[in-house]
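What the coordinates show
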Amino acid sequence: MLAMRIASRVARTAIRARTPPALRSRTITTTAAVCTELGAPLTVRDDWTLAAPGPGEVLVETRAAGLNFAEVLQTKGLYQERLEPPFVPGNECSGTVEAVGAGVAHVKAGDAVIALPRGGAWARHCVVSGAAVAPLPKPPSSDAEWRQAASLAVAYGTADMALRRRARMSEGETVLITAAAGGVGLAAVELAAQAGCNVIAATGSPEKAEIALAAGAAAAVSYGDDPRAFREHVKELAPGGVDVAVDMVGGPHLEAIVRSMAFDGRCVVVGFASGDIPKVPANLLLVKNCSLVGLYWGAHAKARPDAFRESLGRVSKMWADGLINPRVGLALPLREANAAVAALAGRKSTGKVVLTMDD
């Protein structure tokens, strides 16, 4: 009994030693962009409270937070995982570890990390599962690098898993990427070009096409209003068909993409930025002998954690080694969160949109 009491006392002491005294048994007050009503503008509050990190959790002081289209849908109540207000959006950020809960050993206070909370990143602090926090191989040395780090996980992780795991991309193949000037799109262009593929970038304007070409695309095509004309343009660039397609747009152009697939082609559906979830005639898959698959990258953290960590580690190392260069197209302070959301929702941005914690 004495040995058990001593062991228990040692364990409690270890837990207290890993959590700063100021954080024990209390809440943390921080500034956050809060969705108080679905479909309404966000409210920036200075009195948002968080529970101190519990076992297996990490408290991160946010330096920059990335925006993704999924969060735009969440604030409108249109995402597949519906959240009830009030809540703080945001699924990725970069920052510094402020405290860790019991059982967290891979990061410590002061470490530079990227974090993937299930909501909560659009705030000066967030509490994240330790499994969703990864140390950065190279600590950022400037505000620009913190912003790049916040742009890394979702965009490049999604692109990496779409191309490598779902589409089984290989060198020399022709790869069509839609929304190619957006966060995931540019990442996919960069990764596919580095893999030795012939990349066709589909964009909504000549200006966005230039950005995709600069990232490594061999050619660019505009969506236009007519999916048939879009298909003809793709056919001119890829007479033998497209081996791999990654689509973030949806709408009527998805059928045109499937019709453009080569024999044994693989099309990966990642999102529906157009707001239109299309129906594709199943007979096309048979006639074209092609596959149409989906990718929900975030779900891999729970369903396929090894693949998730492998993907995240791969893109983090590529960034640290200077092999990829996340493009931050717009950075706004947290108090201008509504302007950042509007830029992303209106498809007026290129590259990644991020929130900074500047006043």
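Basis of the calculations
- In this convention, every chain numbers its residues from 1, walking through the sequence in written order.
- With the structure being a predicted model, the display of local features is reserved for residues of pLDDT at least 70 and the display and counting of side-chain atom pairs for 80 or more, all residues being used for whole-chain, interface and lining totals.
- The side-chain quantities take in all heavy atoms of the structure and omit both hydrogens and water.
- Our working definition of a disulfide is a cysteine sulfur pair at a distance within 2.5 Å.
- Only protein chains enter the calculation, and the probe is 1.4 Å; a residue is then buried if its accessible area is under 20% of its type maximum, exposed if over 50%, and partly exposed in between.
- Simply put, an axis is a line fit to the C-alpha atoms, just over the touching stretch for a helix, and the angle between two N-to-C directions goes from 0 to 180 degrees.
- Segments assigned H or I by DSSP are reported as helices when at least four residues long, segments assigned E as strands when at least two residues long, and all are numbered from the N terminus.
- Here is the rule for angles: anything less than 35 degrees is roughly parallel, anything more than 145 is roughly antiparallel, 65 through 115 is roughly perpendicular, and the remaining ranges are oblique.
- Left-handed describes a crossing whose near helix is turned anticlockwise from the far helix through less than a right angle; right-handed describes the clockwise counterpart.
- By definition, residues are in contact when any of their heavy atoms lie within 4.5 Å.
- Ten residue types, Ala, Val, Leu, Ile, Met, Phe, Trp, Tyr, Cys and Pro, are classed as nonpolar, four, Asp, Glu, Lys and Arg, as charged, and the remainder, Gly among them, as polar.
- In protein, a polar contact means a hydrogen-donor-capable atom and an acceptor-capable atom, both N or O and within 3.5 Å, with residues adjacent in sequence counting only if both atoms are side-chain atoms; elsewhere, any N or O pair within 3.5 Å suffices.
- Put plainly, a pocket is an open set of points on a 1 Å grid over the protein atoms alone with protein on both sides within 12 Å along at least five of seven lines, a cavity is a set where a 1.4 Å probe fits but cannot get out, and a lining residue has an atom within 4 Å of a point.
- Grid points are joined across faces, edges and corners, and a volume is the space filled by probe spheres set on the points.
- Take the buried Ala, Val, Leu, Ile, Met, Phe, Trp, Tyr and Cys residues and link them wherever side-chain atoms come within 4.5 Å; each set so joined is a nonpolar core.
- Strand pairing follows a simple DSSP-based rule, namely that at least 2 bridges must link the two strands.
- For the handedness criterion, the strands are oriented away from the viewer, and a crossover whose path from the first strand over the helix to the second runs clockwise is classed as right-handed.
- For Phe, Tyr and Trp, where Trp contributes only its six-membered ring, two rings pair if their centres lie within 6.5 Å, and the inter-plane angle classes them as stacked under 30 degrees, edge-to-face over 60, or tilted in between.
- Here, a charge over a ring is recorded when the distance from Lys NZ or Arg CZ to the ring centre is within 6 Å and its angle to the ring normal is within 35 degrees.

Observations concerning the state of the cysteines
Inspection of the entire model under this criterion finds zero disulfides. Left without a disulfide partner, C126 is nearest to the cysteine sulfur of C93, which lies 3.8 Å away. Cysteine C267 shares no disulfide, and the gap to the nearest cysteine sulfur, in C290, comes to 7.7 Å. Among the residues examined, C267 registers a relative accessible area of 0% and is labelled buried.

As for the packing of helix α4 (residues 153–166) against helix α5 (residues 183–194)
At their nearest, the axes of α4 and α5 sit 8 Å apart, and the two run at 50° to each other. As the angle between them shows, α4 and α5 are arranged oblique. As α4 runs across α5, the sense of the crossing is right-handed. Contacts between α4 and α5 involve A155, Y156, T158, A159, D160 and L163 from the former and G183, V184, A187, A188, E190, L191 and A192 from the latter. Of the residues that constitute the contact of α4 with α5, the class distribution is nine nonpolar, two polar and two charged.

Description of the environment of R164
With respect to the element layout, R164 can be found in helix α4. We classify R164 as partly exposed; its relative accessible area is 37%. The spatial distance from the C-alpha of R164 to the C-alpha of A193 is 13 Å, given a sequence separation of 29 residues. Separated by 2.6 Å, the side chains of R164 and D160 make a polar contact.

Some thoughts on the packing of α4 against helix α11 (residues 305–320)
Their axes nearest at 9 Å, the elements α4 and α11 cross at an angle of 115°. Accordingly, the angle class assigned to the pair α4 and α11 is roughly perpendicular. For the element pair α4 and α11, the recorded crossing hand is right-handed. Residues A153, Y156, G157, D160, M161, R164 and R165 of α4 lie in contact with α11, whose contacting residues are A307, F308, S311, L312, R314 and V315.

As for empty space enclosed by the protein
If you walk through the whole model with that rule in mind, you get one cavity of 30 Å³ or more. Of the pockets and cavities examined, the largest cavity occupies roughly 60 Å³. Forming the boundary of the largest cavity are S151, A155, Y156, G182, G183, L186, A187, P326, R327, G351 and K352. When contributions to the lining of the largest cavity are tallied by element, the ones reaching two or more residues are α4 and α5. A per-element tally of the lining of the largest cavity places α5 first, with three residues. Split by residue class, the lining of the largest cavity holds five nonpolar, four polar and two charged.

What to know about the nonpolar core
A general feature of soluble globular proteins is that nonpolar side chains tend to end up buried together. Counting residues in each nonpolar core, the largest one holds 86 residues, and the members touching the most others are W122 and L163. Considering each element in turn, this core owes the most residues, eight residues, to α4. Leave out the neighbours within four places in its chain, and L163 touches R168, M169, V175, A188, L191, A192, V244 and V246. In this structure, I200, A202, A256 and C290 belong to the second largest nonpolar core, which totals 20 residues.

Regarding the pairing of strand β14 (residues 328–333)
One ladder, built from five bridges, connects β14 with strand β15 (residues 352–356); its direction is parallel. Along β15, the bridge assignment pairs A331 with V354. Assessed by its sense of winding, the connection that carries the chain from β14 through helix α12 (residues 337–345) to β15 is right-handed.

Concerning the sheet that holds strand β9 (residues 198–203)
Sheet strands line up and pair through hydrogen bonds in the backbone, either parallel or antiparallel. Spatial ordering of the open sheet is given by β10-β9-β8-β11-β12-β13, a layout of six strands whose pairing is parallel. In this open sheet, the two strands that pair with only one neighbour each are β10 (219–222) and β13 (291–294). Pairs of neighbouring strands in the sheet enclose a mean axial angle of 20°, with direction left out of account. Here four bridges tie strand β12 (residues 261–269) to β13, and the two strands are oriented parallel to one another. Each residue of the ladder has a partner; that of V269, found in β13, is G294. In the packing of α4 onto the sheet, the strands contacted are β8 (174–177), β11 (242–247), β12 and β13, and the crossing angle to β11 comes to about 145°. Sheet strands touched by α5: β8 and β9. Its angle to β8, the strand with the most contacts, is close to 170°.

Regarding the environment of R304
Relative to the elements of secondary structure, R304 occurs in the loop between α10 (300–303) and α11. Taking the C-alpha atoms as reference points, R304 and G322, separated by 18 residues in sequence, lie 28 Å from one another.

Some points on the packing of aromatic side chains
Under the definition given, this model contains three aromatic pairs. Each ring, one from Y223 and one from F230, has its centre 6.1 Å from the other, and the planes form 45°; the classification is tilted. K138 extends its terminal NZ or CZ atom over the ring of W319, reaching a point 4.8 Å from the ring centre.

Things to note about the side chain of T203
Position of T203 relative to the elements: it lies in strand β9. Since its relative accessible area comes to 3%, T203 is described here as buried. Separated by 3.2 Å, the side chain of T203 and the backbone oxygen of S205 make a polar contact. Here A209 takes part through its backbone nitrogen, which lies 3.4 Å from a polar atom of the side chain of T203. When residues no more than four places from it in sequence are discounted, the contact partners of T203 are A180, A181, K208, A209, A212, V221, S222 and Y223.

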